[in-house]
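Overview (structure and organization)
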Amino acid sequence: QFPFGRRLPCDIYWHGVSFHDSNIFSGQVNKFPGMMETVRKITLSRAMRTMQDLFPGEYNFYPRSWILPEELSLFVDEFRTMKDINPSWKPTFIVKPDGGCQGDGIYLIKDPGDIRLTGSIQSRPAVVQEYICEPLLMDRLKFDIRLYVLLKSLEPLEIYIAKDGLSRFCTEPYQEPTLKNLHQVFMHLTNYSLNIHSGNFIHSDSVNTGSKRTFSSILCRLSSRGVDVKKLWSDIISLVIKTIIALTPELKVYYQSDIPAGKPGPTCFQILGFDILLMKTLKPMLLEVNANPSMRIGHEQELSPGVFENVPSPVDEEVKVAVIRDTLRLVDPQKKKRTDTHLSFHTYLLIFPTQLQSLHAGVAGMKDKQHKHHSLKLSLKLKFYLKLGSCQSLQQVPEVSAEPPDAPKSLEAALPSLCLKQVFPKYSKQFSYLRLVDRVAALFIHFLGVRGTTKLGPTGFRTFIRNCKLSNSNFSMAAVDILYIDITRRWNSMGIDKESGMCLQAFVEAFFCLARKKYKSAKLLREQVLSLLELCEKRLAALHGKRLLWGCG
Ligand code: ADP
């Protein structure tokens, strides 16, 4: 806290809730601009829907969702159609107010007619979502998983996942939803903040028992039942990467608006809390992403009426301390300096290759050997662990460090191995084809023109059409204006944001509409979008090349 202003710039800024300080010109901030808005229930559902439209098979880990009030009639229609096709279908839905947390205002329904339309929906939009009726149970209780994910950088994309998380348990034995039990929050909602008020809540000193446990303890139990926990982990990693890929386009728009490229500004990183539910089939389903996951490592206990004491929680401590410690290790500015020194060493090598070649070979060889030795040791331990089939905690499974072991060891050596495991760019090859909306966002940002805005004006949209040569006799500039007005008006009537112009999601809709029109013969939306993207990128590159030539001439 600096009530009288800061004198010196900091290496790392740790903001409480969101990115908000426009007076930071260097260093790193622990929040991304716009993250809170991007992971709100409605925005997340929209981003997921866009990805589900493009890649239905890849994004089936997010329950089908509708946005209220604007999609109420769509929800009702789809419900009726499904019911007509299959009269024995008896689904349950969960209604969640936008921007809510800790289970606040959430309720279950069996019929669209049960949505509470009075009051809250009008003033507070919500998401209605398919309820996962068959979750995996443990000790007959429903539980969810909180995983910590570090978004270390947006461009290039760098994602780390903590190898242990929390499992939060309900406090009433689970039964599939019926009209009788729909209201039993201790049976259906896993929120810690709700269940702690149940008489059945168990505070435990052990990480393997009680109403809050480590996720690794769950994995150990599953492993002892013969479950393929490696496959489960890899499904969870895919879910996390795909979700972040869905969020990056919007985040990039906020980023360029708050921290314009080419001007001095900080870089950002952020710890996110992913809430995941395992289905009975062991398929992980995303419930939500939290921009500000609680990092408390204790809870309050009422000793006598009105007198509270802060009691440490071993489970929270085990998981959260490691996440914060390793985040700081990964963003450590000293480490960056060391890497820079390392880089300049390589530059030096280019200048004096012969003198330094042998030294370099020695260091590289040593590093390589060190790394191989390190990996071998770890893989042996991993095999041992898998063979053993039971363990106390995944902490016991050392990870192959994402960082090559080339940093000075004095400080690092004293610390435990990293709990944060790099998953992107490590697995980028498998997921890069999903980054189509990212490329649409790059076009959008290109035409935003004026820095500091997140919305495209009509002139910017026209320039996009003109520069990419998308208008023709079938699609006049007048039709372009109508498309802009139609889509923009609809999106602005839904949003709370009063800034005029076309937001990214509206641009994406317009882009999809143009792609469908231009590439009618392609069967899949993703093929149509890809073709239009390639065309636009090619035409802009040609135009840019021409401009450069004129500049030279
Ligand atoms: P909040 O931000 O208020 O915690 P969540 O989306 O996390 O909202 O939902 C609260 C709880 O409701 C979750 O922890 C989970 O137990 C339950 N829940 C949420 N969505 C679903 C769903 N689609 N199916 C089954 N249970 C769900």
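Structure: above.
Please read all numbers here as calculations on a predicted model, not as lab measurements.

Conventions we followed
Residues numbered from 1 in each chain as written. Predicted model: local features only at pLDDT ≥ 70, side-chain atom pairs only at ≥ 80, totals over all residues. Heavy atoms only, no water. Helix = DSSP H or I, 4+ residues; strand = E, 2+ residues; numbered from the N terminus. Buried < 20%, exposed > 50% of the residue type's maximum accessible area, 1.4 Å probe, protein only. Contact = heavy atoms within 4.5 Å. Areas by Shrake-Rupley, 256 points an atom, 1.4 Å probe, with all protein chains shown as cover. Expected span 1.5 Å × (residues − 1). Arc of directions from axis to C-beta. Core = buried A, V, L, I, M, F, W, Y, C linked by side-chain atoms within 4.5 Å. Domains from an automatic or database assignment. Phe/Tyr/Trp six-rings, centres within 6.5 Å; stacked < 30°, edge-to-face > 60°. Lys NZ or Arg CZ within 6 Å of the ring centre and 35° of its normal. Pairing = 2+ DSSP bridges. Axes fitted to C-alpha atoms, helices over the stretch in contact; angles between N-to-C directions. Near = heavy atom within 4 Å. Polar contact = N/O pair within 3.5 Å; in protein donor to acceptor, adjacent residues only side chain to side chain. Nonpolar A, V, L, I, M, F, W, Y, C, P; charged D, E, K, R; others polar. Salt bridge = Lys/Arg side-chain N within 4 Å of Asp/Glu carboxyl O. Lys, Arg positive; Asp, Glu negative; His and termini not counted.

Digging into the overall build of the protein chain
Check the secondary structure of the protein chain and you find 18 helices and 17 strands. Counting over 553 residues, the protein chain shows a buried share of 48%. Contacts in the protein chain between residues far apart in sequence, at least 24 positions, make up 66% of those at least 6 positions apart. Surface accessibility of the protein chain: about 28,200 Å² in total, with carbon and sulfur atoms responsible for 58%.

Topic: helix α16 (residues 477-494)
An ideal rise of 1.5 Å per residue puts 26 Å on 18 residues; α16 measures up with 26 Å between its terminal C-alpha atoms. By the burial criterion, the buried members of α16 are M477, V480, L483, Y484, I487, T488 and W491. Projected down its long axis, α16 shows its buried positions confined to an angular sector of 110°, all on one face. Of the residues in α16, the exposed ones pointing more than 90 degrees away from the buried face are I482, R489 and S493. Buried residues along α16 sit against α2 (41-54), α15 (458-467) and α17 (504-518).

Remarks on the nonpolar core
Counting 100 residues, the largest nonpolar core has F274, F461, F464, F507, F511 and V529 as its most contacted members. Mapped onto the domain boundaries, this core takes at least three residues apiece from domain 1 (12-63 + 132-299 + 314-334) and domain 2 (434-550). Apart from residues no more than four positions distant in its own chain, F511 is found in contact with V440, L443, F464, V529, L532, L533 and C536. Residues Y148, I271, A322 and C419 belong to the second largest nonpolar core, which totals 17 residues.

Side note on the packing of aromatic side chains
Taken as a whole and judged by the stated rule, the model has 21 aromatic pairs. A ring pair is formed by Y192 and F201, whose centres lie 5.7 Å apart and whose planes are at 70°; its orientation type is edge-to-face. The buried category is assigned to F201, whose relative accessible area is 13%. Judged by centre distance (5.7 Å) and plane angle (65°), the ring pair of F447 and F464 falls under edge-to-face. In this pair, F447 sits in helix α14 (residues 436-448) while F464 sits in helix α15, placing the two residues 17 residues apart along the sequence. An identical accessibility class is assigned to F447 and F464; each is buried. Here a set of aromatic residues connected by ring pairs shows up, and it is made of F444, F447, F461, F464, Y484, F507 and F511. Lying across the ring of Y107, R116 places its NZ or CZ 3.7 Å from the centre. The ring of Y192 is capped by K212, whose NZ or CZ atom sits 3.9 Å from the centre of that ring.

Quick look at the sheet that holds strand β3 (residues 65-68)
Read across the open sheet, the four strands follow the order β3-β6-β4-β5; overall the sheet is antiparallel. At either margin of the open sheet sits one strand with a lone partner, and together these are β3 and β5 (107-109). In this sheet, adjacent strand axes meet at a mean angle of 25° when their direction is disregarded. The sheet contacts of α2 involve β3, β4 (93-97) and β6 (126-130), and relative to β3 the element is tilted by about 135°. The strands touched by helix α3 (residues 72-85) are β3, β4 and β6; relative to β3, the strand with the most contacts, the crossing angle is about 145°.

Regarding the site of the ligand
Not every one of the 24 residues close to the ligand is listed here, only the nearest: K96, G103, T190, N191 and E288. Here N191 contributes a side-chain N or O atom positioned 2.7 Å from an oxygen atom of the ligand. When the ligand is considered free in solution it has 540 Å² of accessible area, and contact with the protein chains removes 98% of it. Broken down by secondary-structure element, the contributors of at least two residues to the shell around the ligand are β4, β6, β8 (141-153), β13 (270-278) and β14 (284-290). In terms of residue class, the shell around the ligand is made up of nine nonpolar, seven polar and eight charged.

Notes on the sheet that holds strand β12 (residues 267-268)
Two strands in a sheet stick together by hydrogen bonds in their backbones, pointing the same way (parallel) or opposite ways (antiparallel). The strand order across the open sheet formed by three strands is β1-β2-β12, and the pairing between neighbours is parallel. Each end of this open sheet is capped by a strand with a single partner; those strands are β1 (12-13) and β12. Relative to strand β2 (residues 28-29), β1 runs parallel, the two sharing two bridges. Each residue of the ladder has a partner; that of Y13, found in β2, is V29.

Considerations on the pattern of salt bridges
Tallied over the entire structure, the rule returns 22 salt bridges. Residue D144 pairs with R168 through a salt bridge whose shortest N-O separation is 2.9 Å. Here D144 is found in strand β8, whereas its partner R168 is found in strand β10 (residues 166-169), with 24 residues between them in sequence. Exposure remark for D144: the relative accessible area of 4% places this residue in the buried category. Judged by its relative accessible area of 11%, R168 falls in the buried class. Across the salt bridge formed by D275 and R146, the nearest N and O atoms sit 2.7 Å from each other. A residue pair is termed long-range when its members are at least 10 positions apart, and D275 in strand β13 and R146 in strand β8 qualify at 129 residues.

Considering the side chain of E58
By the element assignment, E58 lies in the loop between α2 and β3. Buried within the structure, E58 lacks any salt-bridge partner; its nearest side chain of opposite charge belongs to R526, at an N-O separation of 4.1 Å.

Keep in mind these numbers describe shape, not what the thing actually does.
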